[in-house]
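A look at the structure
For reference, the chains in residue letters:
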Amino acid sequence: MKLQTVKGTKDILPSEIQKWHYIERTVRRVFERFGYEEIRTPVFEETSLFLRGIGETTDIVGKEMYTFQPDAASSESLTLRPEMTASVMRAYLQHGLRASAPITKVYYISELFRKERPQAGRQRQFWQFGCECIGSAAPEADAEVIALMSMIYRTLGVQNTVLRLNSLGNLETRKRYRDALREYLRPNYEKLDAISKERFEKNPLRILDSKNPDLADVIAAAPRIIDYLDTESKAHFETVQTYLKQFGIDYVIDFKLVRGLDYYSQTAFELQSADLGAQDALGGGGRYDGLAATLGEDKETPAVGFASGIERLIIVMEKLRLFDMLEKKVPMVMFISQSDAAREWTMTAAMQCRQAGIDADVDLLRRSFKAQMKESNRVGAHYAVIAGENELQSGKFQLKNLATSVQEELTFNEILEKLKIEK
Ligand code: AMP
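As the structure is a computational prediction, the values presented were derived from the model and not from experiment. (Residues numbered from 1 in each chain as written. Predicted model: local features only at pLDDT ≥ 70, side-chain atom pairs only at ≥ 80, totals over all residues. Heavy atoms only, no water.)

1. Concerning the overall build of the protein chain
Let me state the cut-off plainly: Helix and strand definitions follow DSSP, with helices as H or I runs of at least four residues and strands as E runs of at least two, each counted in order from the N terminus. Here the globule rule reads 2.2 Å times residues to the power 0.38, and the radius of gyration is calculated from C-alpha atoms. In this scheme, a residue with accessible area under 20% of its type's maximum is buried, one over 50% is exposed, and one in between is partly exposed, where area comes from a 1.4 Å probe on protein chains only. By definition in these notes, contact holds between two residues if any of their heavy atoms fall within 4.5 Å. Exposure was quantified through the Shrake-Rupley algorithm and a 1.4 Å probe, taking into account, for residues, occlusion by the shown protein chains and nothing else. Here the positive residues are Lys and Arg and the negative ones are Asp and Glu; neither His nor the chain ends is included. Every charge is mapped onto a representative atom, which is NZ of Lys, CZ of Arg, CG of Asp or CD of Glu.
Assigned secondary structure in the protein chain consists of 15 helices and 16 strands. For 423 residues, the compact-globule formula gives about 22 Å, and the C-alpha radius of gyration of the protein chain, at 28 Å, lies well above that figure. For the protein chain, the C-alpha atoms occupy an extent of roughly 95 × 55 × 45 Å along the three principal directions. Going through the 423 residues of the protein chain one by one, you find that 49% of them count as buried. Contacts in the protein chain between residues at least 24 apart in sequence constitute 71% of all its contacts with a sequence separation of at least 6. Element-wise, carbon and sulfur atoms account for 50% of the exposed surface of the protein chain, whose accessible area totals about 22,000 Å². Both charge centroids of the protein chain, one from 58 positive and one from 61 negative side chains, sit 3 Å from each other.

2. Some points on the domain arrangement of the protein chain
So the rule is basically this: Those domain boundaries reflect an automatic or database domain assignment.
The assigned domain composition of the protein chain is domain 1 (14-170 + 230-319) and domain 2 (333-422). Summarising the inter-unit geometry, the C-alpha centres of domain 1 and domain 2 are found 50 Å apart.

3. Comments concerning the site of the ligand
For the record, the criterion: Here a residue is near a molecule or strand as soon as one of its heavy atoms is found within 4 Å of it. Under this definition, polar contacts are N or O atom pairs within 3.5 Å; protein pairs additionally need one hydrogen-donor-capable and one acceptor-capable atom, and for neighbouring residues in sequence, both atoms have to be side-chain atoms. Three categories are distinguished: nonpolar for Ala, Val, Leu, Ile, Met, Phe, Trp, Tyr, Cys and Pro, charged for Asp, Glu, Lys and Arg, and polar for the others, with Gly belonging to the last.
Around the ligand, 13 residues are found, and the nearest of them are Arg 114, Glu 116, Gln 123, Gln 128 and Leu 282. Glu 116 is positioned such that a nitrogen or oxygen atom in its side chain is 2.5 Å from a nitrogen atom of the ligand. Taking Gly 309, its main chain carries an N or O atom lying 3.2 Å from an oxygen atom of the ligand. Bound to the protein, the ligand loses 83% of the 480 Å² it would expose on its own. Secondary structure elements with two or more residues in the shell around the ligand: β6 (125-134), β10 (281-287) and β11 (303-309). Ranked by the residues each element gives to the shell around the ligand, the list is headed by β10, at 3 residues. Considered class by class, the residues forming the shell around the ligand number 4 nonpolar, 5 polar and 4 charged.

4. As for the pairing of strand β16 (residues 407-411)
Test applied: For two strands to be treated as a pair, DSSP must find at least two bridges joining them.
Here 5 bridges tie strand β15 (residues 396-401) to β16, and the two strands are oriented antiparallel to one another. The residue of β16 that forms the bridge with Gln 398 is Glu 409. If you look at the hairpin formed by β15 and β16, you'll find 5 residues sitting between the two strands, and Ser 405 has a positive phi there, around 65°.

5. Section: helix α13 (residues 369-379)
Selection rule: Taken from the helix axis, the directions to the C-beta atoms give the arc we talk about.
Looking only at α13, the buried set comprises Gln 372, Met 373, Glu 375 and Ser 376. Around the axis of α13, the buried residues are gathered within 160° of arc, so they sit on the same side. Opposite the packed face of α13, turned more than 90 degrees from it, sit the exposed residues Lys 370, Lys 374 and Arg 378. Among the residues trailing α13, Gly 380 stands out with phi positive, at a value near 80°.

6. Quick look at the sheet that holds strand β5 (residues 104-113)
To keep things clear, this is the line we draw: Fitting a line to C-alpha atoms yields each axis, with helices limited to the stretch in contact; the angle taken between N-to-C directions then spans 0 to 180 degrees.
The 8 strands lie next to each other as β1-β5-β6-β11-β10-β9-β7-β8, forming an open sheet whose pairing is mixed. Where the open sheet ends on each side, the last strands, each with one partner, are β1 (37-38) and β8 (252-253). Set on the sheet, helix α9 (residues 231-247) makes contact with β7 (161-167), β8, β9 (265-273) and β10; between it and β7 the angle comes to about 160°.

7. As for the sheet that holds strand β4 (residues 78-80)
With antiparallel pairing, the 3 strands of this open sheet are ordered in space as β2-β4-β3. The strands lining the two open edges of the sheet, one partner per strand, are β2 (44-46) and β3 (67-68). Bridge count between β2 and β4: 3 bridges; the pairing is antiparallel. Bridged to Glu 46 within β4 is Leu 78. Its contacts with the sheet place helix α2 (residues 47-54) against β2, β3 and β4, and it is angled at close to 80° to β2.

Structure follows, in structure tokens:
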């Protein structure tokens with residue numbers, strides 16, 4: 001049996017890696033422009049972190065976690081991280097980052113694991129970039145995080161997106177809204193599907209997430225959470241919107257964008273792409289002022305952040321031909337040998353080039369002169385340096401420009417100087 005990648009996972013081959021590097025480079029640059037620093041946390045954590053930090057009624061915790069017991073004799077339970085926010089908050093609390101600065105702004109580029117049904121844009125191991133801004137409850141933080149996310153996509157050239165925005169208010173708002181939603185749904189209870197009936201008691205907000213077309217009318221006419229916001233939450237939401245308008249960031253209000261868990265509050269947002277299929281969310285985020293408390297922290301720890309999928313971004317960027325300008329990395333110079341003695345010389349010469357910061361390559365297969373020349377053209381090297389017995393004796397080598405076929409006879413030092421200028 002041939003060994004293959006596991007269902008829902010993918011190799012990222014050298015032929016694709018440039019796309020990843022380009023995205024990672026751009027993402028890092030924009031995060032750093034906003035004063036964010038990178039954080040890296042372990043791939044696995046105690047299962048209880050995610051039970052508390054994501055919520056037991058979510059699909060992730062309910063059925064998608066890769067949980068394992070490392071030691072059959074112990075009750076310790078570990079889980080491969082299905083998202084980053086809980087891990088980042090754990091790290092923030094564990095290391096007392098609050099003490100080192102009034103606000104902590106961190107970003108990540110990480111792989112995550114969810115046991116979902118694989119399809120286009122949905123994998124079991126996938127990558128996200130995202131950030132968490134911890135320490136401020138002010139609407140300026142929400143606006144800046146949304147603007148940061150938006151600037152990343154703009155810098156990458158991704159258009160055709162829709163930013164959906166909503167406010168979940170505070171705890172009191174959600175309690176009043178949940179009651180109103182149940183009140184509204186009660187006469188329609190029999191129309192609900194099995195899963196929505198289950199959510200009716202436990203978490204009625206999640207009924208609004210339903211993709212069941214039979215429920216579309218009921219959901220469309222449901223009360224809207226923004227009509228239940230208290231004065232403070234309303235002002236918070238209005239300030240976020242004022243900033244977005246000032247920044248020239250378009251958005252639509254989507255009252256269906258709700259999160260069922262109590263530690264989410266105020267702003268919620270999602271970025272959708274018209275260039276994706278059924279899985280059309282590029283990224284999303286919001287405010288989660290109550291998360292730290294669910295992890296056992298007693299000090300107020302307001303926070304806001306977002307997470308974006310990289311595989312889906314690549315699908316969109318390929319469609320929009322945004323990778324076309326990426327150029328394959330090629331060696332500046334290939335060393336070609338015409339004898340055994342020359343081979344030794346080319347090995348050392350290539351090393352000296354690399355030490356001088358020049359991308360150089362040399363034949364490792366003891367191939368014929370002709371095959372080495374062919375290889376130089378195949379990899380697209382700019383120059384070939386040809387060394388045979390005569391060259392070794394005279395100390396002068398042929399430097400061939402492979403694009404123009406112009407050849408010069410130079411000492412090795414002269415070649416080094418010339419290539420250093422071109423690098
Ligand atoms: P979430 O953490 O569920 O809010 O997801 C944030 C973003 O991560 C989504 O908008 C997707 O772009 C991406 N994402 C989530 N789940 C997957 C998955 N299973 N495979 C690929 N990308 C995903």
